[in-house]
There are 2 protein chains.
Amino acid sequence: MGIAERKEREKEQRRNDIIDAAEKIFFSKGTENATMDEIALEAELSKGTLYLYFKSKEELLFAVNLRATRILKSLFENAVSPGKKAVENLLEIGRAYVRFSREYHDYFKTLLHFEGNENFLPKEDLHKKICEECVDPMIFLMDTLRTGVKDGSIRTDIPPEILAHCLWSQTTGILKLTKAIDFHTDLKPFSEDDIINAHLEIVYHGILKNN
Amino acid sequence: MGIAERKEREKEQRRNDIIDAAEKIFFSKGTENATMDEIALEAELSKGTLYLYFKSKEELLFAVNLRATRILKSLFENAVSPGKKAVENLLEIGRAYVRFSREYHDYFKTLLHFEGNENFLPKEDLHKKICEECVDPMIFLMDTLRTGVKDGSIRTDIPPEILAHCLWSQTTGILKLTKAIDFHTDLKPFSEDDIINAHLEIVYHGILKNN
DNA sequence: TATATTTGCTGACTATTAGTCATTTTTTAT
DNA sequence: ATAAAAAATGACTAATAGTCAGCAAATATA
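Residues numbered from 1 in each chain as written. Chains lettered and ligands numbered in written order. Predicted model: local features only at pLDDT ≥ 70, side-chain atom pairs only at ≥ 80, totals over all residues. Heavy atoms only, no water.

(A) A look at the overall build of chain A. Tallying secondary structure elements over chain A gives ten helices and zero strands in all. If you list the helices and strands of chain A from N to C, you get α-α-α-α-α-α-α-α-α-α. A total of 211 residues make up chain A; the buried ones form 46% of that total. Looking at chain A as shown, the accessible area adds up to about 11000 Å², and 50% of this sits on carbon and sulfur atoms. (Helix = DSSP H or I, 4+ residues; strand = E, 2+ residues; numbered from the N terminus. Buried < 20%, exposed > 50% of the residue type's maximum accessible area, 1.4 Å probe, protein only. Areas by Shrake-Rupley, 256 points an atom, 1.4 Å probe, with all protein chains shown as cover.)

So, in structure tokens, the structure goes:
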């Protein structure tokens, strides 16, 4: 049955077109100010159709978030080198996250929107599955930490699962702040980079194997 | 002129009554779902009056945020002991922040709403002044770190100003996550406390003076 | 090809709610 | 007692997320 398959593809295509349009509006006007009417206009579809593909504005934003996650994951994967010690790779992952927050700043903001958002609970199975993909970057972090336990470069008194959560949240917190701190610019005699480098230094020392 | 003074007091009183009502509604329904009509009803005032005292719903929420900041500041102040080394006091400040996020959870959520919110820029002088008060907890952190530089318990290669920003953001990030992680409860074989303790451990080691 | 059926799309409509402002009520001054 | 000033009101507007009855296009059937 070629028709069914073609229809499936077309549906997927339309879905992506809608996400493209939404992304454009979300990123240009800001998540808050973007309206579904504008997105519909940009997608050259009626508003009703948007709701055939996505339950709500929030879910549309979540689709963008998924793209963000995938980009971040691939940045993480490209940041590590098999030959290096895990601690060094972790530092590279950290730097990759910093790059992500700058080079994909709009995606990063979307990520922050969902980070620790208790209003967005995955109820349906589909949703659950999608949400699982969102923790992929942290899973990758976890795996690297496990390698670090094996190669002896990471402290072993804290389980890699917990360490991963810590590093992820600490770094997200730091990046969120440095994004906002510009507005107090007259109060700070130091740069974003100063804070980020200090952060990386602190956690580097904090997770290093004591000897 | 006793009348002018009394009027001033009454105005201040009314302002506080409105904040009380707003807090009640914000905390019970959630910031997002709370409506100005409900708050007006709770305050036994008309909606128009609310707007005589506060420019917007957001500004009303900000008034609640100010209360949150003051509570947190006082918790920080009570956490430190003059006799102790600064590193130990910093650990106590960290624990005080953890307590705050639990015992004043609604206030903590309000704090998070404004933490690194680039949409809320202080324009007027009054606003600027209020915003300054919001960094008081971090200023206190900074002062404690400066003490630590003097008493030799804190590393000196990173300026206290930067260290303070790091500790604040890292810990806020951690607390935000642990608040949200409950929803993935089946995936984690560890508790909130495990993550928080690990975090405190990591930064403790990270800011300690190397010898 | 003509007709029926299914699938996809539409946009006018509803409901909700933040914020406004002309009017009324209350308080103070004369 | 009256005028002026200050405070409060609530009906109204504007904006927008989400709905749904009906229309259009694509596909299946005869």
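Now, onward.
(B) Local environment of the pattern of salt bridges. Residue and element names in this part refer to chain A. This model, assessed by the stated rule, comprises 30 salt bridges over all chains. As a salt-bridge pair, Lys47 and Asp37 come within 3.6 Å of each other at their nearest N and O atoms. Of this pair, Lys47 sits in helix α3 (residues 47–53) while Asp37 sits in helix α2 (residues 36–43), and the two are ten residues apart along the sequence. Classification of Asp37 as partly exposed rests on a relative accessible area of 48%. Linking Asp157 and Arg155 is a salt bridge whose minimum nitrogen-to-oxygen distance equals 2.9 Å. What makes Arg155 buried here is its relative accessible area of 4%. Overlapping salt bridges bring together Asp20, Glu23 and Arg67 as one network. (Salt bridge = Lys/Arg side-chain N within 4 Å of Asp/Glu carboxyl O.)

(C) How the structure looks around the environment of Glu42(B). Residues and elements named next belong to chain B. Tracing the backbone shows Glu42 in helix α2 (residues 36–43). Separated by 17 residues in the primary sequence, Glu42 and Ile25 place their C-alpha atoms 7.9 Å from one another. Those residues in contact with Glu42 that lie beyond four places of it in its chain are Ala21, Lys24 and Ile25. A distance of 3.2 Å separates polar atoms of two side chains, one belonging to Glu42 and the other to Lys24. (Contact = heavy atoms within 4.5 Å. Polar contact = N/O pair within 3.5 Å; in protein donor to acceptor, adjacent residues only side chain to side chain.)

(D) Just the interface of chain B and chain A, in detail. Tallying the contact residues gives 35 residues for chain B and 35 residues for chain A. Roughly 3400 Å² is buried in total at the junction of chain B and chain A, and carbon and sulfur atoms are behind 71% of that figure. For the interface between chain B and chain A, the tally reads two salt bridges. Our enumeration of links across chain B and chain A arrives at four residue pairs in polar contact (both at pLDDT 80 or more). (Buried area = accessible area lost by both parts, 1.4 Å probe.)

(E) Highlighting the protein's contact with DNA strand D. Taken together, 20 residues surround DNA strand D, and among them Arg6(A), Lys47(A), Arg14(B), Ser46(B) and Thr49(B) come closest. A distance of 3.4 Å is found between a sugar or linking oxygen of DNA strand D and a side-chain nitrogen or oxygen belonging to Lys7(B). Note that a phosphate oxygen of DNA strand D is positioned 2.8 Å from one of the side-chain N or O atoms of Thr49(B). Elements supplying a minimum of two residues to the surface near DNA strand D: α1 (2–29) and α3 of chain A together with α1 (2–29) and α3 (47–53) of chain B. In terms of residue count, the dominant contributor to the surface near DNA strand D is α3(B) (four residues). Residue classes in the surface near DNA strand D are distributed as eight nonpolar, six polar and six charged. (Near = heavy atom within 4 Å. Nonpolar A, V, L, I, M, F, W, Y, C, P; charged D, E, K, R; others polar.)

(F) Local environment of the protein's contact with DNA strand C. Surrounding DNA strand C, one finds 19 residues, the nearest of these being Arg14(A), Thr49(A), Arg6(B), Met36(B) and Lys47(B). Backbone atoms, meaning sugar and phosphate, form 66% of the atoms of DNA strand C found within 4 Å of the protein. For the surface near DNA strand C, the secondary-structure elements that each account for two or more residues are α1 and α3 of chain A together with α1 and α3 of chain B. When residues of the surface near DNA strand C are assigned to their parent elements, the largest contribution, four residues, is made by α3(A). Tallied by class, residues from the surface near DNA strand C come to seven nonpolar, five polar and seven charged.

(G) Summary view of the relation of the copies chain B and chain A. Of the transformation placing chain B onto chain A, the axial shift is 0.0 Å and the rotation is 180 degrees, giving an RMSD of 0.1 Å. Given the turn and translation reported, the copies of this chain are related as if by a two-fold rotation axis. When you check the interface residues of chain B against chain A, 100% turn up at the interface there too, and the contact is symmetric in its surfaces. (Least-squares fit on C-alpha atoms with pLDDT ≥ 70 in both.)

(H) Structural detail: helix α8 (residues 136–151) of chain A. All names here are of chain A. Along its 16 residues, α8 runs 23 Å from first to last C-alpha, staying within 8% of the 22 Å computed at 1.5 Å per residue. Buried within α8 we find Pro137, Met138, Phe140, Leu141, Met142, Thr144, Leu145 and Gly148. In the segment just after α8, Gly152 is the residue with positive phi, at about 80 degrees. (Expected span 1.5 Å × (residues − 1).)

(I) Up close: the packing of aromatic side chains. Taken as a whole and judged by the stated rule, the model has 16 aromatic pairs over all chains. Ring centres of Phe62(B) and Phe114(B) lie 5.2 Å apart, and the angle between their planes is 80 degrees; this geometry places the pair in the edge-to-face category. On the criterion of sequence distance, the pair formed by Phe62(B) in helix α4 (residues 57–79) and Phe114(B) in helix α6 (residues 105–114) is long-range, its members being 52 residues apart. A relative accessible area of 11% places Phe114(B) in the buried class. An aromatic cluster is present here, built from Phe27(A), Phe76(A), Tyr97(A), Phe100(A), Tyr104(A), Tyr107(A), Phe108(A) and Trp168(A) joined pairwise through their rings. (Phe/Tyr/Trp six-rings, centres within 6.5 Å; stacked < 30°, edge-to-face > 60°.)

(J) Quick peek at the packing of α4(B) against helix α5 (residues 86–103) of chain B. Residue and element names in this part refer to chain B. Here α4 crosses α5 at 145 degrees, and the two axes come no closer than 8 Å. Relative to α5, α4 is oriented so that their crossing is right-handed. Residues Ala68, Ile71, Leu72, Leu75, Phe76 and Ala79 of α4 form the contact with α5, whose own contacting residues are Asn89, Glu92, Ile93, Ala96, Tyr97 and Phe100. For the contact of α4 with α5, the per-class residue count stands at ten nonpolar, one polar and one charged. (Axes fitted to C-alpha atoms, helices over the stretch in contact; angles between N-to-C directions. Left-handed = near helix turned anticlockwise from the far one by under 90°.)

(K) Representation of the nonpolar core within the structure. In this structure, Ile39(A), Tyr97(A), Phe100(A), Ile39(B), Tyr97(B) and Phe100(B) are the most contacted members of the largest nonpolar core, which totals 124 residues. Setting aside anything within four residues of it in sequence, one finds Phe100(A) in contact with Ala68(A), Ile71(A), Leu72(A), Leu75(A), His105(A), Tyr107(A), Phe108(A) and Leu111(A). (Core = buried A, V, L, I, M, F, W, Y, C linked by side-chain atoms within 4.5 Å.)

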